[in-house]
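Each chain is listed here by its residues.
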Amino acid sequence: MAKVISAQAFISLLNDPKRIGKIVEITDVFVDEEVELNNYNYTCSYAIVKNVEFSKNVIFNSVNLEYGIRFLNCRFDKVLALNKSVANGYDPELDKDHNFNSLIIDNCEVNRVQIYNKSEFGRGVSIRNSSSIKDLIVEQVLVREGGLEIDSSQLNGKFSIRSMVLNGLGQIRINNSEIDSHVICEALDVGSFSLIGNTFKDHVQLWKINSRSGLTFNNGIFNDDVLIRGCTIKDTLTIVGDQFKKSIKIDIEDTTNQLVGQVNDIYISAGKFGTSFIFNGSDKEVKKLHVDASQNLEGTIQFNQVSFQTVLFKSDNHKGNFVFSRCSFSNLTFESFTNYGNLIISSCKSNTNHETIFKIENSNLGKAQFFNFSLNSFKEINIVDSYLSDIVTSDVTWFSDTQLVTGSDDTQINKKKREIYRQFKQALEKQGDKLNALEFQALELIAFKKQIASDKQSKIRDRFILWLSQSNDFGLNWTKPVCIITAITFLFYLIIAIDTTEELRWLPSLNKEDILFTVNTLYNKLYLFPQLFNPARGINKIFHEGINLSTTIYFLDAIHRIILAFFIVQTVSAFRKFIK
């Protein structure tokens, strides 16, 4: 059974003048009075308090702890408080395991830990090894080197960290712990912030955190909502293997407090999002979003009003539901990506101030949905060896042929383009978007024409068919065949009008009277011109007077009627493009 001592006796042990070296060690006692330490009654350099039970408060008021203090296997029935206390010293002899901290709470049971009012630590604060703490309050604390570590411990009351500054690479690191508290972390300036392997049973709220490195979620369980607002993450927001049973929401801007944060990079891999992951970007820039999809990535991941420099999707998305709404991209890339889940890009476009590219390489976008997406705003559309026939589109502004890059050598460009246009045509036909399907059909045939034109082994008849098909832009333009046949018919009209007039000969003349006579003759026979548009006409029956026609005229008439019939079909085909 531990020896019962008074508060004064405990203080005397801390200041034992007979101690050897820098370390004071107090073990196996029970202190039944409140212990209040100050700069006058605390003079040791470093203390180890082991197997000690405190029934009342233990308070450090404006104490210079020098190298610090370690509590090991202790119990605090009331409060352990450090008020405006300092531990800025460091001795390598005390850091033999390279895990030295100024304040260590090791395998302790504490009702309330309170560190506040401009307390300073040279080597950080550590709560570890199955410590159990009801309330943890940290406020107005400076750590010059190191950070705040909570490892393999339990907290089940109030959890509040406010106005804490960790210099250099100092990090807040919570590992393998169970926290049954509403977690509030506000106004922190840290090197990094990581939550690894924890279980959080209540809300987690992060506000106005400035992390010079990153914010990491890894293999944790969050039973309630997570809210991150107005935080600046100058490196990477990482989510790998976490389970969010409700929602995680990140607001770059806090309009209530006129606070604007920043996230440089985002990396998402395995993770389960019960309700949703929502990132509200307020049109601020994110340099890179990297999604490394997997079978363990589930739930809705939504980005609203984010200006991305680079977005990269890789691997296989099985159960993820990705939504981009009102976002802009400088580089949107799908690389070796297969979409079995859902992908929605809505009301998005490229960034206007950057070299922009939309790239799909060795990927299958599955039933990805594009709504009000301005593909024409990208400088380059790069599609390489990918499957697009199942995509869904609505109100998409499509790219032009000059924007499309296939990543192929010169001999394969048109073949690759033809395949890409075929897939877009097929996808649009499935949705009943006949107009845009026809546009891609025309581009497909143009690419095919260029392909066989450059292929010496292609058949001449195929080239001829495609050449003729251009007369109505492959079924899209009715005015072109009308203009062509009008010109050809007018030329045929001139031939037969001149050939059937005995006074005219096929000889040039600049004589004014000859020119006037020719014009007058053509005018008198103008009634022939509209009749030539009838492919079922009889050439000898369209003249008002009986006339003998030459064999040449009958031959030209037959040729003209064949040409006329072809262009009538071309015109009708183009007129029916909406109902084919």
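Okay, so let's go over this structure. Please read these numbers as outputs of a predicted model, since none were measured by experiment. (Residues numbered from 1 in each chain as written. Predicted model: local features only at pLDDT ≥ 70, side-chain atom pairs only at ≥ 80, totals over all residues. Heavy atoms only, no water.)

1. Things to note about helix α2 (residues 413–430)
Relative to the 26 Å expected for 18 residues at 1.5 Å per residue, α2 spans 26 Å between its end C-alpha atoms, a close match to the ideal helical length. Of the residues making up α2, those classed as buried are Asn 414, Lys 417, Ile 420, Tyr 421, Gln 423, Phe 424, Lys 425, Ala 427 and Leu 428. Positive backbone phi, approximately 80 degrees, marks Gly 432, located one or two places after α2. (Helix = DSSP H or I, 4+ residues; strand = E, 2+ residues; numbered from the N terminus. Expected span 1.5 Å × (residues − 1). Buried < 20%, exposed > 50% of the residue type's maximum accessible area, 1.4 Å probe, protein only.)

2. Topic: the pattern of salt bridges
Counted by the stated rule, this structure contains 23 salt bridges. The residue Glu 178 makes a salt bridge to Lys 201 at a minimum N-O spacing of 3.0 Å. Highlighted residues: Glu 178 in strand β18 (residues 178–179) and Lys 201 in the loop between β21 (199–200) and β22 (204–211), separated in sequence by 23 residues. On the accessibility criterion, Glu 178 (33% relative accessible area) is partly exposed. Assessed through its relative accessible area of 36%, Lys 201 is described here as partly exposed. Here the residues in one salt-bridge network are Glu 53, Arg 75, Asp 77 and Glu 109, joined through shared partners. (Salt bridge = Lys/Arg side-chain N within 4 Å of Asp/Glu carboxyl O.)

3. Focus on the packing of aromatic side chains
Following the criterion strictly, the structure yields 36 aromatic pairs and no others. Relative to Phe 440, the ring of Tyr 421 lies with its centre 6.0 Å away and its plane at 40 degrees, an arrangement referred to as tilted. Placement of Tyr 421 in helix α2 and of Phe 440 in helix α3 (residues 434–453) is noted, with a sequence separation of 19 residues between them. Over the aromatic face of Tyr 90 sits the side chain of Arg 123, whose NZ or CZ is 3.7 Å from the ring centroid. (Phe/Tyr/Trp six-rings, centres within 6.5 Å; stacked < 30°, edge-to-face > 60°. Lys NZ or Arg CZ within 6 Å of the ring centre and 35° of its normal.)

4. Observations concerning the pairing of strand β12 (residues 125–128)
Residues Val 125 and Ile 127 point to one face of β12 and Ser 126 and Arg 128 to the other, with burial holding for every one of them. Inspection of the sheet shows strand β9 (residues 103–106) paired to β12 by 4 bridges, in the parallel sense. Bridging across to β12, Ile 104 finds its partner in Ser 126. Summarising the sheet, β12 and strand β14 (residues 148–151) pair through 3 bridges and their orientation is parallel. Within β14, the residue paired with Val 125 across the bridge is Leu 148. (Pairing = 2+ DSSP bridges.)

5. A word on the environment of Tyr 40
Mapping Tyr 40 onto the fold places it in the loop between β3 (35–37) and β4 (46–54). Remark: the alpha-carbon pair of Tyr 40 and Asn 64, spanning 24 residues in sequence, is separated by 9.5 Å.

6. Quick word on the nonpolar core
The biggest cluster of nonpolar side chains holds 126 residues, and the ones touching the most others in it are Phe 60, Phe 303 and Phe 324. In terms of residue count, strand β34 (residues 297–317) provides more of this core than any other element does, 7 residues in total. The next biggest cluster of nonpolar side chains, apart from the first, holds 12 residues, and it includes Tyr 493, Ile 498, Leu 522 and Phe 529. (Core = buried A, V, L, I, M, F, W, Y, C linked by side-chain atoms within 4.5 Å.)

7. Points about a nonpolar patch on the surface
A cluster of nonpolar side chains, contributed by Phe 555, Ile 559 and Ile 562, occupies part of the molecular surface with about 310 Å² of accessible area. As for its position among the elements, Phe 555 is in helix α8 (residues 551–575). Here Phe 555 falls in the exposed class, since its relative accessible area comes to 53%. (Patch = residues over 30% accessible without salt bridge, like charges linked within 9 Å, V, L, I, M, F, W, Y side chains within 5 Å. Areas by Shrake-Rupley, 256 points an atom, 1.4 Å probe, with all protein chains shown as cover.)

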